[in-house]
Amino acid sequence: MSADDLPAMQLNTTIRPHNYYRNAVEKHWDPHEIDLEADRKGASELSEPAFEGLKRSLALFGAGEESVTEDLAPLAVVLEDIEDQMFLTTQLYEESKHVDFFDRYWREVVLAEEKRRGQELSSPTDERWFNGPYDELFERNERAMARLLDDDTPENRARAHCHYHLTIEGILAQTGYYGLTLAYGENEPELPDLPGLVEGLKLVRSDEGRHVGFGMAKLKLLVSSGTVDPELLRETVDELVPLVQESLTGNGGASTESGPGPTPSDLADYAYTKHEQRMRQITTASEKIPDVEELTELEA
Ligand SMILES: [Fe+2]
Ligand SMILES: [Fe+2]
């Protein structure tokens, strides 16, 4: 039966937010089902600086996931369509699972390895893992999202999507996950494999593809309808990109020249390419927003 023959139904099942919602339901995964046995062995083979680098990366991602979980709700308050609400419900649930995954990894791999090494047990919330630009980036994201509750304008929605979906999820997280996956995957002979971590990151990234796609589609609509000037998007993201770069590669950032995985300049290039590609897909009418699979591909 074609959609034209149907009476009015509750849901519009032909639109992106509904498809993403369904995709989320079908791809459900449990962070506690990932096998971490091989990771405990892998962690025991890490040099002390590499172990320290791994902990920093895990702490940064864990804290980032916690922040985005806490900061998403204002968007769910202002968006009215049921399909958007249903999608955001899956996103909030998924961000919670991402926090859960990193917390569990710290408990079951990091703490176990610290005990084995006879070290003092460290906390993923210790301030030493985070640099100033990283804190600043997440504080700005929180403000951009919370502003929707007081002043829900198209411009403020655009700013919120630019902070949350384009910059934090689309550039910072995807670049970081790219670096971490390469470092601890099978292609890096210098380091032991951490297959549970790589598996978890793959699942997190697949979820993130939907989140980024949702935000991009909202931004594209604001721009293509003439409601928001694309210049606002560029300005907003351009102000945040230096903070992303410093979070990833600056002093106390996620990547170091001597550390495992891609070098800081590789990561900076990757982040820049992602940023340009996304902006083009949003602001050029003839460009399509890639499908979920493409949004989560490892290579640029
Ligand atoms: Fe996430
Ligand atoms: Fe996300």
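Attention shifts here to the overall build of the protein chain. A tally of regular secondary structure across the protein chain gives 11 helices and 0 strands. The C-alpha atoms of the protein chain give a radius of gyration of 20 Å, which matches the 19 Å a tight globule of 300 residues would have. Its C-alpha atoms put the protein chain at 65 × 40 × 35 Å along the principal axes. Each of the 300 residues in the protein chain was classed as buried or not, and the buried ones make up 42%.

Attention shifts here to the environment of G170. In this structure, G170 sits in helix 7 (residues 154-184). In sequence terms G170 and H211 are 41 residues apart; their C-alpha atoms lie 8.7 Å from each other. Excluding anything up to four places from it in sequence, G170 contacts H165, V212, K274 and R278.

Right, let's get into the packing of helix 8 (residues 195-224) against helix 10 (residues 264-283). Direction vectors running N to C along helix 8 and helix 10 enclose 45°, while the axes themselves pass 8 Å from each other. Overall, the two elements helix 8 and helix 10 adopt an arrangement that is oblique. Residues M216, L219, K220 and V223 of helix 8 pack against R278, Q281, I282 and T283 of helix 10. Among the residues forming the contact of helix 8 with helix 10, the class breakdown is 4 nonpolar, 2 polar and 2 charged.

Running from amino to carboxyl end, helix 3 (residues 48-71) crosses helix 6 (residues 132-150) at an angle of 10°, the nearest separation of the two axes being 10 Å. Relative to helix 6, the element helix 3 lies roughly parallel. Of the two elements, helix 3 crosses helix 6, and the hand of that crossing is right-handed. Across the interface between the two elements, L60, S67 and D71 from helix 3 touch Y134, F138, N141, E142 and M145 from helix 6.

About the cut-offs
Residues numbered from 1 in each chain as written. Chains lettered and ligands numbered in written order. Predicted model: local features only at pLDDT ≥ 70, side-chain atom pairs only at ≥ 80, totals over all residues. Helix = DSSP H or I, 4+ residues; strand = E, 2+ residues; numbered from the N terminus. Rg over C-alpha atoms; globule rule 2.2 N^0.38 Å. Buried ≥ 20, exposed ≤ 12 C-beta atoms within 10 Å, placed from the backbone. Contact = placed C-beta atoms within 7 Å. Axes fitted to C-alpha atoms, helices over the stretch in contact; angles between N-to-C directions. Parallel < 35°, antiparallel > 145°, perpendicular 65-115°, else oblique. Nonpolar A, V, L, I, M, F, W, Y, C, P; charged D, E, K, R; others polar. Left-handed = near helix turned anticlockwise from the far one by under 90°.

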